[in-house]
Amino acid sequence: MALVIEQQGERILARIEGEFNIFRAAELKPALLECLASGHDIEIDLSHVDEIDTSGVQLMLMLKREAARTARQLSFVRHSAAALSVIDLLNLAGVLGDPVLITHLN
Amino acid sequence: MELDAARSALVQEARELLAAMEAALLDIEQGGATPEAINAIFRAAHTIKGSAGLFALDGVVAFTHIVESLLDRVRNGKLAIDEAMLSLLLRCGDYISALIDMIEDGRERDDPDPAARIDLEAGLNGYLGVKDAVHLPATTSPQAEPSEAAVEIEGGGHVDADTWHLSLRFGIDVLRNGMDPLSFIRYLATLGRITYLHTLVDNLPDAEQLDPESCYLGFEIDFASDADRQTIDGVFEFVRDESQIHIIPPHSKIAEYIKLIETLPEPPKRLGEILVKGGALTEHELEAILDKQQAQPIPPKPIGTMLVEEKLVPGTVVAAALSKQKQGEEKRTQEQRFIKVEVNKLDQLINLVGELVIAGAGANLVAKKKQDNQFDEATQTLSALVEQIRDAALTLRMVPIGEVFQRFPRVVRDISKDLGKNIELVITGAETELDKSMVEKLADPLMHIVRNAMDHGIEPTEVRLERGKPLTGTLRLNAYHESGSIVIEVSDDGKGLDHERILAKAIERGLVSADQVLSESEIFNLVFEPGFSTAEAVTNLSGRGVGMDVVRKNIESLRGEVDILSVFGQGTTVRIRLPLTLAIIDGFQVMVNDAVFVIPLDMVIECADHSSAGNAHHIVNLRGEPLSYLRLRELFELPGEAPRRESLVVVQYGQTRAGLVVDRLLGEFQAVIKPLGSLFTRVKGIGGSTILGDGRVALILDVPHLVTSASRSEGAARDASLSQQSSPQQNIG
């Protein structure tokens, strides 16, 4: 249940662990926006996300939009099964535009 | 009750639209077709149809639909608008207006004029071509019978899709209430197969405004399932109250989709997007169309037309999406400019302002007595504000007279065609404002006058040719403000009034006796007497001797007056003069003995000292000009002796001036006009009453009447001194 942030050279890697839902939305929104405000490109690692709901999806969409507005690279990587099934259900793969590794499903 | 209100709103809106439609048609007739004018006509027909549809007024919907179809052709350049079509459309407007009248009377099931309807529909269908009357969407399933289409009930076809369509807009608080839209969708998926799902992110706010615990997403879902409606409905039972859930079964009528598009909360940005989301189109089909549109030379066809041409979407669906786009835009611009208010509320406001004025006057009086500077200053500020509020409140009721004038272009057009005369209508001063209640009562009298002018005033073309006048007659409607009144003139450049003939006729009818001496204007005004007509032939328009007396009665009921100016052979002007407002005036207080009178301030020109000793004829020399005057003390038979120094108030009404002699001048005062009871209607010279600050009642003088009687007695006095007769001629007017 944490947000792990590492700086890797010019990139920030943020890993959301555990729930990515309504219970943590209020905490995650400012934290993730802060990463974005740092001026670096960001990768958000979803591999440890074991639950995601509408509020999580909304945050993902918001971050993508904000990144585009400020001309930063922001991508979601290493989607967990939970994340992937939601993206699939809501038909958002195209909207988010991140490459998804199918192999990771296993 | 609410339904009634909505219906009356529909009636009012339809009337406004019909007026706009008529104006646009006449514009086209005069100046050729412009896209704006054609659009205005189309919009009128379209909006009336839409509103009527809401109330299931099928008679209106069916008829306006045909009109709309024709206009649509014109708008798309498939049909050219010509004179015959204009006349047809004007008559269609009249017929729709008759339908609207029926709705207002609550008799919408009856047809006001079945014969006209058949005739008009035949005319319209003639332009459309019978087969063209309806375009059958290519995607409709075989169930849509062609015969149904011939009558064209909108949304008659069925969609091809064999899937359910769900539009879900979850309430903003569902997440907070512990419900996740995702779980509903997952549960739905257990009942069948989601063939397509589109997540709507339109409502997602920017990062700053986004509340992470609110729900902003909406979903459009196509869903293949054998489950029944109740089961699918049941999925959303817990969120139904706070959310918008629309469910459309497979093979539904197109109308269902149209309704859906119209009720969706999203701003209808891109038509294509809505259609894709609505499931009426696939993404792929839309892409193909978008590509084509870009490849086209400028100007590109509207995408709606292309979709229909491509036969991908039923025409009606496109129309619904388009009209939603339009309505959104139009509403926004109109809402900013106007707000509809019930007349009752305005009246109530003005009554209250009246009371405020009276109360303010009372406070002023107390302040003067107390001789407290601060208090005095405070009340001064207050009364300045009260005055502004009063003016602002009164202007709320003011509307431009153009509202009445706007119906005349059509009237003049039709009558001049009937009479075979060329008549041009020139309208000036349409922006002049007057009280709304007068506007309504003015329409009929003006109509009479205009008809008279066209029928009797303006000569037939051949006569005008003989007399060397321009072949086209001119009728002018003009309005302007003058010293506290509004003046409305109807002038023609026709043959003018023949005062000898009028006098002969009046003597013949026994309206005047043969030995009376009448001024020219008095003779002209005889035409307002009941039963007077000099027309040789009674036409179907006028000349039956009714009308002009009704005109005068109507105008006088508005505390106005009407008179006629005419030059024989050159034309006639009928001039109506009405008071500007009916409720509150700036008054000027004067005193005779201990009675207070109020004179409308607009009519006061100046005040002077006066000494009437030795003046028998009631005429005073004011800077070299003779001015007749009245003594209020004599007029109202007030007791007491006149003081040594009296005051003369010079008043003007129209072009005539007169003096009023009073004991004392008291100064300006805002007067709230209270009507006099019917007991006092026969009292001449009093226009109303008002309440003073100290609670006393003061009478408001009827200046127009006083001025007329003063100038009449001046005339009598002059006659007396000129002809040295022992008994002056009596004038009758």
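Residues numbered from 1 in each chain as written. Chains lettered and ligands numbered in written order. Predicted model: local features only at pLDDT ≥ 70, side-chain atom pairs only at ≥ 80, totals over all residues. Heavy atoms only, no water.

K.L.:
Residue-level account of the overall build of chain A, with values.
P.N.:
For chain A, the helix and strand inventory stands at 4 helices and 5 strands. Of the regular secondary structure in chain A, the N- to C-terminal order runs β-β-α-β-β-α-β-α-α. Partitioning the intrachain contacts of chain A with sequence separation of at least 6 by distance along the chain shows that 66% fall at a separation of at least 24. Put simply, chain A shows about 5000 Å² of open surface, and 53% of that area lies on carbon and sulfur atoms. (Helix = DSSP H or I, 4+ residues; strand = E, 2+ residues; numbered from the N terminus. Contact = heavy atoms within 4.5 Å. Areas by Shrake-Rupley, 256 points an atom, 1.4 Å probe, with all protein chains shown as cover.)

K.L.:
Quick one: what's the story with the packing of aromatic side chains, residue by residue and with numbers?
P.N.:
Aromatic ring pairs are reported here in terms of the distance separating the ring centres and the angle at which the planes meet. Residue and element names in this part refer to chain B. Counted under the stated rule, the structure contains 5 aromatic pairs over all chains. With a centroid separation of 6.3 Å and 25° between ring planes, the pair formed by F184 and F236 is classed as stacked. Here F236 lies in the loop between α8 (229–235) and β4 (244–248) and F184 lies in helix α7 (residues 181–190), a separation of 52 residues in the sequence. Assessed through its relative accessible area of 9%, F184 is described here as buried. By relative accessible area, which is 0% here, F236 ends up buried. The structure contains a cluster of three or more aromatic residues connected by ring pairs, namely F170, F184, F219 and F236. Against the face of F42 rests R75, its NZ or CZ located 3.7 Å from the ring centre. (Phe/Tyr/Trp six-rings, centres within 6.5 Å; stacked < 30°, edge-to-face > 60°. Buried < 20%, exposed > 50% of the residue type's maximum accessible area, 1.4 Å probe, protein only. Lys NZ or Arg CZ within 6 Å of the ring centre and 35° of its normal.)

K.L.:
An account of the packing of helix α3 (residues 58–75) of chain B against helix α4 (residues 83–104) of chain B is requested, with residue identities and associated values reported.
P.N.:
Residue and element names in this part refer to chain B. The N-to-C vectors of α3 and α4 enclose an angle of 155°; their axes lie 11 Å apart at closest approach. Accordingly, the angle class assigned to the pair α3 and α4 is roughly antiparallel. Here α3 runs over α4; the crossing is left-handed. Residues G59, V60, F63, T64, V67, L70, L71 and V74 of α3 form the contact with α4, whose own contacting residues are M85, L89, C92, Y95, I96, L99 and I103. In the contact of α3 with α4, the residues fall into 13 nonpolar, 2 polar and no charged. (Axes fitted to C-alpha atoms, helices over the stretch in contact; angles between N-to-C directions. Parallel < 35°, antiparallel > 145°, perpendicular 65-115°, else oblique. Left-handed = near helix turned anticlockwise from the far one by under 90°. Nonpolar A, V, L, I, M, F, W, Y, C, P; charged D, E, K, R; others polar.)

K.L.:
Tell me about unusual backbone geometry, and name the residues and values.
P.N.:
Positive phi is not limited to glycine here, since A71 of chain A has a value of about 55°. Here A71 of chain A is to be found in the loop between α2 (54–69) and β5 (74–77). Given a relative accessible area of 61%, A71 of chain A falls into the exposed group. Even without being glycine, R623 of chain B reaches a positive phi, approximately 45°. Within the secondary structure, R623 of chain B is located in the loop between β15 (619–622) and β16 (625–631). We classify R623 of chain B as exposed; its relative accessible area is 65%.

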